[in-house]
Amino acid sequence: AQKITQTQPGMFVQEKEAVTLDCTYDTSDPSYGLFWYKQPSSGEMIFLIYQGSYDQQNATEGRYSLNFQKARKSANLVISASQLGDSAMYFCAMREGGTSYGKLTFGQGTILTVHP
Amino acid sequence: KAGVTQTPRYLIKTRGQQVTLSCSPISGHRSVSWYQQTPGQGLQFLFEYFSETQRNKGNFPGRFSGRQFSNSRSEMNVSTLELGDSALYLCASSLEISGANVLTFGAGSRLTVL
């Protein structure tokens, strides 16, 4: 079974509008961390936001927020006020508590295109 | 401060050859992880090193190996290259603190096997 599922292969959004990228996860470990990374065409993975399984509040980082619904096992990324530079591939990833720090399991990614 | 540096950025090899990729982590980071990214399989974890010891390994054949040096720099090696090894190989380093312990990635080494 897929541990991280991103069901939207591609998303389009108008500049300055908000967009939500979906991510669901599967784990039986009570301790885990969820990450979102952005990968522009250059290839480098850029960290956006992190949510720990025990965090009570949804994480926010500037224009990025994570809509964490633990019971539904979803961790959707919300980008407010989209910019042309937000066009990229976005990956949701999970680190399970019983594994080492360096191992993340990634979803298949969502390509976001921001239109002017 | 300098980020994660990967060399070479691009390389072309032929089947049967071997390749060595290098990764210099952020200064002070002791954990280095390697990932393979392909269009078909996505991002897959290869292995992780901490203090010169392999701490975790993904589901890859023995042709894939790595090591870490005392200055935390890491290398990965792929022997007897196959066409399917064509991929972007990403290295990431982290500080190993509790909580998020964010992985910082390099720009990758893009390997083409002909």
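Rules of the game
- Residues numbered from 1 in each chain as written.
- Chains lettered and ligands numbered in written order.
- Predicted model: local features only at pLDDT ≥ 70, side-chain atom pairs only at ≥ 80, totals over all residues.
- Heavy atoms only, no water.
- Pairing = 2+ DSSP bridges.
- Helix = DSSP H or I, 4+ residues; strand = E, 2+ residues; numbered from the N terminus.
- Axes fitted to C-alpha atoms, helices over the stretch in contact; angles between N-to-C directions.
- Contact = heavy atoms within 4.5 Å.
- Buried area = accessible area lost by both parts, 1.4 Å probe.
- Salt bridge = Lys/Arg side-chain N within 4 Å of Asp/Glu carboxyl O.
- Polar contact = N/O pair within 3.5 Å; in protein donor to acceptor, adjacent residues only side chain to side chain.
- Nonpolar A, V, L, I, M, F, W, Y, C, P; charged D, E, K, R; others polar.
- Phe/Tyr/Trp six-rings, centres within 6.5 Å; stacked < 30°, edge-to-face > 60°.
- Buried < 20%, exposed > 50% of the residue type's maximum accessible area, 1.4 Å probe, protein only.
- Lys NZ or Arg CZ within 6 Å of the ring centre and 35° of its normal.
- Core = buried A, V, L, I, M, F, W, Y, C linked by side-chain atoms within 4.5 Å.

Novice: Would you mind going over the sheet that holds strand β1 (residues 5-7) of chain B with me for this structure?
Specialist: The strands that make up a sheet pair up through hydrogen bonds in the backbone, lying either parallel or antiparallel. All names here are of chain B. One open sheet accounts for four strands, arranged β1-β3-β8-β7; its pairing is antiparallel. Strands at the two margins of the open sheet, each flanked by one partner only, are β1 and β7 (64-68). Taking each pair of neighbouring strands and ignoring which way they run, the sheet shows an average axis angle of 15°. Where strand β3 (residues 19-24) meets strand β8 (residues 74-78), five bridges bridge the pair, whose relative direction is antiparallel. Residue valine 19 lies in a different strand from β8, and its bridge partner there is valine 78.

Novice: I'm lost on the interface of chain A and chain B in this one. Help?
Specialist: By a widely used convention, the size of an interface equals the accessible area lost when the partners come together. Contacts between chain A and chain B engage 19 residues on the former and 25 residues on the latter. Of the roughly 1700 Å² buried between chain A and chain B on both sides combined, carbon and sulfur atoms contribute 54%. Linking chain A with chain B are zero salt bridges, by the criterion used here. Across the contact surface, chain A and chain B share seven residue pairs in polar contact (both at pLDDT 80 or more). Residue assignment for the side of chain A that touches chain B shows that the elements contributing at least two residues are β5 (32-39), β6 (46-52) and β10 (88-96) of chain A. When its residues are assigned to classes, the side of chain A that touches chain B shows nine nonpolar, seven polar and three charged.

Novice: What am I meant to see in the packing of aromatic side chains here?
Specialist: Each aromatic ring pair is described using two quantities: the centre-to-centre distance and the angle formed by the ring planes. What the rule picks out here adds up to 15 aromatic pairs over all chains. Measuring from centroid to centroid gives 6.1 Å for Tyr37(A) and Phe106(A), while their planes differ by 55°, and the two rings are tilted. Of this pair, Tyr37(A) sits in strand β5 while Phe106(A) is found in strand β11 (residues 105-106), placing the two residues 69 residues apart along the sequence. Like Tyr37(A), the residue Phe106(A) is buried in the burial classification. Ring centres of Phe106(A) and Tyr35(B) lie 5.6 Å apart, and the angle between their planes is 90°; this geometry places the pair in the edge-to-face category. Of this pair, Phe106(A) sits in strand β11 while Tyr35(B) sits in strand β4 (residues 31-38), on two different chains. For the residue pair Phe106(A) and Tyr35(B), the accessibility class agrees, reading buried in each case. In this structure, Arg63(A) packs its charged tip against the face of Tyr64(A), placed 5.6 Å from the ring centre.

Novice: Explanation requested: the nonpolar core in the structure shown.
Specialist: Generally speaking, soluble globular proteins have nonpolar side chains that are buried together. One finds Tyr25(A), Trp36(A), Ile49(A), Leu77(A) and Tyr90(A) to be the most contacted residues of the largest nonpolar core, which totals 24 residues. For this core, the elements supplying multiple residues, two or more each, are β3 (19-21), β5, β6, β8 (64-69), β9 (74-79), β10 and β12 (110-115) of chain A. The element that contributes the greatest number of residues to this core is β10(A), accounting for four residues. The residues contacting Leu77(A), other than those within four sequence positions of it, are Val19(A), Thr20(A), Leu21(A), Trp36(A), Leu48(A), Ile49(A), Tyr64(A), Ser65(A) and Tyr90(A). If you look at the next biggest cluster of nonpolar residues, it comprises 21 residues, including Ile26(B), Trp34(B), Val78(B) and Cys91(B).

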